[in-house]
Amino acid sequence: ISTNYPAQIVRLKQYEAAFGADIEHFAAAKPADDSFQMTVFNKTYDEKKLAGAALIETNKKLPNNEEAEFEVGEYLGFRLLLSKQWSWNGEYHLNIKGAASHSIDLGSDPLGNITRINNALESMGIALDGYVQKRQGVEKQLEEAEEEVKKPFAHEAEFKEKMLRLNELNNLLDADQHKGKGNIAEDDKMLSIVKDVYTSFNITAGLQMEQYNETER
């Protein structure tokens, strides 16, 4: 409770803030008309097809390093970073980087790549809603876990009773050690207590561990 849930909430709030900032920036930078401008390797393109083709050619020239990202251009104030992380469909990855990262796969169609970039930026609001809902869900789980911790242990009375039985068993064992082998009735009584305490402690310990695990999630 004290670490896992709060850490998740902090991380999700950071995502929310980053996506919120990118959404605001995109709304301000997006042209009102059909004009277009993208920079790829210090060359500015005002035609989508040429810019998309330049991204494909740039991909071919990158070193074969799947771990690295290479900054190759800029679009509406977002940095464009390419990487050769191969995917099952044979496409490569483009990271559209603002305050957050928005990744897409690049294909072989120049115009299609520009459409994918714009779609990723247009759909940031959907991603933001997802983070908000997830954070609210974690906050609710934290609240429920905190309430659960406040509840008394449901089997406390039974646990105390078994502790008394265990003390009785210890007394019988101590007495038996002092006077030697006990009679059959006492042995049966001791065996009954041993079985009862052993079974109860296994059940109670399991319940305690289950309750502990539930509150630590």
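Please read these numbers as outputs of a predicted model, since none were measured by experiment.

Topic: unusual backbone geometry
- Positive phi, close to 50°, is recorded for F41, a residue that is not glycine.
- With respect to the secondary-structure elements, F41 resides in the loop between strand 1 (38-40) and strand 2 (43-45).
- On the basis of relative accessible area, F41 is assigned to the partly exposed category, the value being 45%.
- At N42, a residue that is not glycine, the phi angle is positive and equals roughly 65°.

Details of the side chain of N113
- Residue position: N113 is located in helix 3 (residues 110-122).
- Look past the residues within four positions of N113 in its chain and what remains in contact with it is G52, I56, I104, L106 and G107.

Here we look at the pattern of salt bridges
- All chains considered together, the criterion is met by 4 salt bridges.
- Of the charged contacts, one joins E122 and K30 as a salt bridge, the two residues approaching to 2.4 Å between their closest N and O atoms. Placement of E122 in helix 3 and of K30 in the loop between helix 1 (4-29) and strand 1 is noted, with a sequence separation of 92 residues between them.
- Judged by relative accessible area, E122 falls into the partly exposed class, the value being 45%.
- K30 sits in the partly exposed class, given a relative accessible area of 40%.
- With a shortest N-O distance of 3.2 Å, E71 and R79 are connected by a salt bridge.
- Assessed through its relative accessible area of 36%, R79 is described here as partly exposed.

Some points on the packing of helix 1 against helix 4 (residues 124-150)
- With their axes 9 Å apart at the nearest point, helix 1 and helix 4 run at an angle of 160° to one another. In terms of their interaxial angle, helix 1 and helix 4 are classed as roughly antiparallel. As helix 1 runs across helix 4, the sense of the crossing is left-handed.
- Residue composition of the contact of helix 1 with helix 4, grouped by class: 15 nonpolar, 4 polar and 6 charged.

So, how was this worked out
- Residues numbered from 1 in each chain as written.
- Predicted model: local features only at pLDDT ≥ 70, side-chain atom pairs only at ≥ 80, totals over all residues.
- Heavy atoms only, no water.
- Helix = DSSP H or I, 4+ residues; strand = E, 2+ residues; numbered from the N terminus.
- Buried < 20%, exposed > 50% of the residue type's maximum accessible area, 1.4 Å probe, protein only.
- Contact = heavy atoms within 4.5 Å.
- Salt bridge = Lys/Arg side-chain N within 4 Å of Asp/Glu carboxyl O.
- Axes fitted to C-alpha atoms, helices over the stretch in contact; angles between N-to-C directions.
- Parallel < 35°, antiparallel > 145°, perpendicular 65-115°, else oblique.
- Left-handed = near helix turned anticlockwise from the far one by under 90°.
- Nonpolar A, V, L, I, M, F, W, Y, C, P; charged D, E, K, R; others polar.

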